[in-house]
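# Topology and contacts: notes
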Amino acid sequence: MAATVAMLDNLHAVIDAAAAAADHAVKAAGEIDRSRGDFRESVFLPITSGGIWDGTGQPEASTVVRVHERAQETAGIRLRQIDGALETFGMALRYAAGRYDTFKLSLPSQFHVGDNGTISGHTGVMSGADGPEASYQAELKEILGLVDTADAALIERLNALMDDPMPVLTTAATPGILDAAGEAYLAAHEDGVAPRWNEDWTIEGKTRAGTQAEWEAALGSAACYYDGGGFMQGPDGRWYPIATPRMLVDGETETSYGHGYLANDVGGLDEGWQTIDTHMGFGMLQDPESGAVKGTIAIGVLAGGSYNPVTSVDPRATAGIQVGADGYPVAAGDPTDAPMSRPPDVPYGDPNKPDLPGSKRIAVATQGLEALNAMEQVDNDKYYTYRAEFQQNTDGRTRVVLTAYQVVNGPDGQYAVPYDAHVGADGQVVTERARWNEPPGSYGTDSVDQGSTIPVKEAG
C-alpha cells in the first residue's frame, strides 16, 4: 500500500513503535543467549565431552544437543538481524520525517495538501505542471517515496529472515536417529538388540565410488566449495560424501586450505558443521603393485642394478604417527603403542644356499636380500595412517573429511607428509598434498603423550 499524507502526519509515532520493537528483539536475544549459556553448561558440554555419558547412544545424543545448541545460537543471531532491520527502517523514517517537517513549514498557506499527496490552491484546482505548487508537489512525492522505499525494504528483509530456514532439529537433522535411539535404549536394557553405532569401525570395505552428480547432490549448493569424491560408510551405517573444504585466503586463487583456522566452515561460506565422530587407523589404502612390476624390479637388482630412491616411506613410523586436535601431524611415536595395526613383516627366507661356494654364495645372498627389500619398498608408499572425521550440518547434510599421513625417509632425515584423500571414479583412493591455514607450528611434545616431534612437509 502506497504511503499517504496521513501516514506522514503519524511518522513520529511509527518511529517510536519501531524503536520499541527493536528494543524487544535485543532483549529477547539476550534472554536466548543466557538460556544458551545455561544449556551449554548443564547439558551440551557434559554430554558432548562424554563426562556424564560415554556409552551406547552417546554419539546420537551428542548430535542432538549440538543441533539444539546451534539452533539457540541462530535464534539469537536472527533476533539481532531483526533488530538491525528495524533500526534501518527507523533511520529511514526519521530522515523522511525531518524532510516532511521542513516541507510543512515552507508550504505557503494558500496551498491545500490532499491525503493522496496532491497539492492545489484553496479552490481545489491545480494550476498545472508549471504552476507555483509544482515544486512543492515534487518534494512531497519524494518524501512519500522515501516512506514507500523504507517500508518495502523492511518487508523484504523480514521475509528473507523468515524464509531463511532455521537449523532443523533432531529427526530432520539426523535421519534414522529415532530408530537408533530405540535400539540404544533396548541394548541398554539388555534386550539383545545391538546398537547401530560401530565403535570398532575401520576404513576397510567402507568406501565406494560415486558419480559427480551424486556427490554434488549430497553436498548441495555448497559443493563448489569442496574438493573430493566418492563416499564412505560411517560407524552409524550412513554413507558420507568424502569432501575437503576448499577455502581461499586473501583472494589467493591458486591456493586453497582444507584444514586449520576457519577451514571447517569454508571461511564462513558453508557454516553449521559439527563433528560427530573421528576415527584413525593404519593400512594399505591403495592397491599393491602387480607381481610383474615387482618381478621386473627384482630381476634388475639381481642382475647387479640398484633400487635406492631418494625418498622412501617408512611404514612402521607411519603406523605410529600422531596428530593434534585439528588433524595436524605432530609426532612419530612408537608404532607398538599406537591404537592401530602394523604392516606385516616380510620374511626374507634363508639366503644361505649350501650349493654355492664361498664368496659367490655371499654375493648372491646379498643381492637376493636387496631384491626382496626392493620388492617390499615398492608397496611401502601404499601404507598410510588415516583420519576420518565424520560431520553433520545443522541443515541435515553430512560429509567426511579424510586425511592420510605418511612418514618419509629423506636425505635430511624423516618428516611427515599429510594428504587430502578421496575415492576416485575407479574406486581407488586418490591423495593430494594437504594444506593448513595458519598451521600450528608450535605443536610439540606438550600436545601428545609419547614420541618426539617431527617436521611436517605440506604442499608448497
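If you're wondering where the values come from, they're calculated on a predicted model, not measured in any experiment. (Residues numbered from 1 in each chain as written. Predicted model: local features only at pLDDT ≥ 70, side-chain atom pairs only at ≥ 80, totals over all residues. Heavy atoms only, no water.)

## Side note on the pattern of salt bridges
Test applied: Whenever Lys or Arg places a side-chain nitrogen within 4 Å of a carboxyl oxygen from Asp or Glu, that contact is recorded as a salt bridge. Any residue under 20% of the maximum accessible area for its type is buried, any over 50% is exposed, and the rest in between are partly exposed; the area is computed with a 1.4 Å probe on protein chains only.
On inspection of all chains with the given rule, the structure shows 14 salt bridges. Ionic pairing is found between Asp236 and Arg238, a salt bridge with its closest N-O pair at 2.9 Å. Given the relative accessible area of 9%, Asp236 is considered buried. Close ionic contact of Asp395 with Arg397 constitutes a salt bridge, the shortest N to O distance being 3.0 Å. Residue Arg397 is classed as buried on the basis of its relative accessible area of 15%. Connected through shared salt-bridge partners, Arg36, Arg40, Glu69 and Glu73 make up one network.

## Let's talk about the packing of aromatic side chains
Basically, it comes down to this: Working definition: rings of Phe, Tyr and Trp (its six-membered ring) pair if their centres are within 6.5 Å, and the pair is stacked with planes under 30 degrees apart, edge-to-face with planes over 60 apart, and tilted otherwise. For helices the rule is a DSSP run of H or I covering at least 4 residues; for strands it is a run of E covering at least 2, with both sets numbered from the N terminus onward. Charge-over-ring contacts are defined here by two conditions on Lys NZ or Arg CZ: a distance within 6 Å of the ring centre and an angle within 35 degrees of the ring normal.
Counted under the stated rule, the structure contains 8 aromatic pairs. Ring centres 5.8 Å apart and planes at 50 degrees place the aromatic pair Phe111 and Tyr136 in the tilted group. Here Tyr136 lies in helix H4 (residues 134–163) and Phe111 lies in strand E1 (residues 111–113), a separation of 25 residues in the sequence. Judged by centre distance (5.1 Å) and plane angle (85 degrees), the rings of Tyr328 and Trp436 are edge-to-face. In this pair, Tyr328 is assigned in the loop between strand E9 (321–323) and strand E10 (329–332) and Trp436 in strand E15 (residues 436–437), connecting sequence segments 108 residues apart. When its relative accessible area of 8% is taken as the criterion, Tyr328 is described as buried. With relative accessibility at 2%, the residue Trp436 sits in the buried group. Through a chain of ring-to-ring contacts, the aromatic side chains of Tyr100, Phe103, Phe111 and Tyr136 assemble into a single cluster. The lysine or arginine in question, Arg208, covers the ring of Phe231, its NZ or CZ lying 4.5 Å from the ring centre. Over the face of the ring belonging to Trp239 we find Arg208, whose NZ or CZ atom lies 5.0 Å from the ring centre.

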